[in-house]
Amino acid sequence: MPADPPTIRLPPGLVPADGRFGSGPSKIRDEAVGRLADAAHGYLGTSHRRDGVRSVVRRVRQGLAELFVLPDGYEVLLGNGGTSAFWDAAAFGLIEHRSQHLSFGEFSARFAGITRDAPFLEDPEVIESPLGTHPAAHANPEVDAYALTHNETSTGVMMDLVRPDGAAGLVLVDATSAAGGLRFDPRAVDVYYFAPQKAFGSEGGLWLAACSPAAVERIERLAASGRWQPASLSLAVALENSRLDQTLNTPALTTLFLLADTVEWMLEHGGLEWAATRCDASAELLYGWAEASTFATPFVAKPAERSHVTATIDFEGVDAAAVATALRANGILDTEPYRKLGRNQLRVGLFPAVELDDVAVLTRAIDYIVDAWT
Ligand SMILES: *Cc1c(COP(=O)(O)O)cnc(C)c1O
C-alpha cells in the first residue's frame, strides 16, 4: 500500500546535509553564524555609533561596491525596514512625477500599487505580462523612473537588465532575491536595491541600494523640493547617514554581521562571477532533473527566463503540496510554492550558499517520495 506522504522516512543518503531551500529567509552559512557567536561579546549588544558596528557597515558598503564592480561615483546606501520600506522611500524620494513598472508577479505588482496610491505622484504606467514570463520596458518621455525586477521571486522569472532604448529616466531595480546571485551591468541601472535575507544569506529588516550619480542627484533634488518626506523613509537622510557608515535609527547588528560575512566569502572566492556560477550549476541540475522527469516540468517556459536563484517546478499527476509536506517531515524545508501563485508546484531557493550536492540529493529525495507514495 502506498505510504502517506508525511510518514515517509527518507533513507539517510537522501537527506541533504543542509535542508534549507527557502526563497527568503534562506539558508545562512554555519561558518557565518559561528563567527557571529565568536564575535558576540565585542559586537552584539554594543553601540551602533561606535567603530565596532560602523566598521561592519563600512565592510558591507565597500564590499558590495567591489562585488558589483560599481563605477566611480556610485554609492551604497542602507536603511531599516527591508525592501518594502525602500519602495515607500522610493515613492517619496526617487520618483519625480511618474514611474513605469514591469509587473509580472507579486513583488513587482506591489511596488506599482504603492506608486499608484501615492497622492503626490501621477498614476504609473504599468506593463504586465502573464505569470511565468516578463514584459519589456520601453522609453516613455512622460516617465522619470523605470521600475524593473531582476528576479520575480513569486514566479521564478529572471530578466536581463538593460536601460530602455532612449530612456531619460532613472532605472530602479528590485534585486531583492537576485543581488549576489545573478550577474548585471551596473551601468545599466541607477538604483539596484535589495534586502539581505535572500542571496546574501543574512537576516531581514535592512535595505541596501547601490545608487548611480544620477540617482544621488535625484535624491538630493527631491529632498530640497519641498515635498514632505517622513524622516525614517527619507533617502536624503539615509544618504547622509550611509556616508558615515550609520543608519538613522538602530539597525539589527546580526543582519549587518552576517551580510558582511557573506559578501567577503563571495569576494574571497572570486566575487559575483563565482557566486553566480554556483547558482547556474544548481539551476542547471534542478531544471535538467525536471525536464527528464515524468511528473515535473519547469514552470517558466523560456529557458533564458528561468530563475537561477528561485526555481519553480510544476507537478502533474502528483500533489506538490504533499511532496513539500513529506520533505518537511524529513527536515527539508520551505519548498512550498509562493502561496498566492496557487499552482501545483515546488519552489526551490538556489542561492549561492546552497551546495550543489544538496540540490542533487533533493531531486533524489523527491523521486523517492513520489515513488513511495504513488
Ligand atoms: C522578498 C522580496 C521582497 C520583499 O522584501 P522585504 O525585505 O521582506 O520587504 C521584495 N521584492 C522581491 C523581489 C523579493 O523577493
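The shown structure was predicted, so the numbers you read here are calculated from the model rather than taken from an experiment.

Let us now look at the layout of surface pockets. Roughly 360 Å³ of internal volume is contained in the largest pocket. Every residue lining the largest pocket is counted, 24 residues in all, and those nearest its centre are His134, Met158, Met159, Asp160 and Leu161. Here the residues of the lining of the largest pocket sort into 13 nonpolar, four polar and seven charged. Structurally, the lining of the largest pocket is a two-domain feature, drawing no fewer than three residues from each of domain 1 (19-28 + 271-373) and domain 2 (30-268). In the lining of the second largest pocket, the residues fall into four nonpolar, four polar and six charged. Shared between two domains, the lining of the second largest pocket holds at least three residues of each, these being domain 1 (19-28 + 271-373) and domain 2 (30-268).

As a further point, take the site of the ligand. Within the structure, the ligand sits among 13 residues, and Ser84, Thr153, Asp174, Gln197 and Lys198 are positioned closest to it. Contact distances for the ligand include 2.4 Å between an oxygen atom and a side-chain N or O atom of Thr153. Between the ligand and Asp174, the relevant distance is 2.7 Å, taken from a nitrogen atom to a side-chain nitrogen or oxygen of the residue. It is helix 3 (residues 82-93) that contributes the most residues to the shell around the ligand, four residues altogether.

Taken as a whole and judged by the stated rule, the model has one cavity of 30 Å³ or more. Looking at the largest cavity, its volume works out to about 40 Å³. Looking at the lining of the largest cavity residue by residue, the class counts come to seven nonpolar, three polar and one charged.

Taking strand neighbours across the sheet as the criterion, the seven strands line up as 1-9-8-7-4-2-3 in an open arrangement whose pairing is mixed. Either end of the sheet is taken by a strand with one partner, and the two such strands are strand 1 (75-80) and strand 3 (125-128). Between one strand and the next, the sheet's axes are offset by a mean angle of 20°, whatever the strand orientation. Relative to strand 8 (residues 191-194), strand 7 (residues 170-174) is paired through three bridges, and the arrangement is parallel. Bridge pairing in strand 8 links Val173 to Tyr192. Along the sheet face, helix 3 touches strand 1, strand 7, strand 8 and strand 9 (206-211) and points at about 55° away from the line of strand 9. Packing of helix 4 (residues 106-117) onto the sheet brings it into contact with strand 2 (99-103), strand 3, strand 4 (145-149), strand 7 and strand 8, and relative to strand 2 it is tilted by some 155°.

Conventions and cut-offs
- Residues numbered from 1 in each chain as written.
- Predicted model: local features only at pLDDT ≥ 70, side-chain atom pairs only at ≥ 80, totals over all residues.
- Heavy atoms only, no water.
- 1 Å grid on protein atoms, 1.4 Å probe; cavity = no way out; pocket = protein on both sides within 12 Å on 5 of 7 lines; lining within 4 Å.
- Points joined across faces, edges and corners; volume = space filled by probe spheres on them.
- Nonpolar A, V, L, I, M, F, W, Y, C, P; charged D, E, K, R; others polar.
- Domains from an automatic or database assignment.
- Near = heavy atom within 4 Å.
- Polar contact = N/O pair within 3.5 Å; in protein donor to acceptor, adjacent residues only side chain to side chain.
- Helix = DSSP H or I, 4+ residues; strand = E, 2+ residues; numbered from the N terminus.
- Pairing = 2+ DSSP bridges.
- Axes fitted to C-alpha atoms, helices over the stretch in contact; angles between N-to-C directions.
- Contact = heavy atoms within 4.5 Å.

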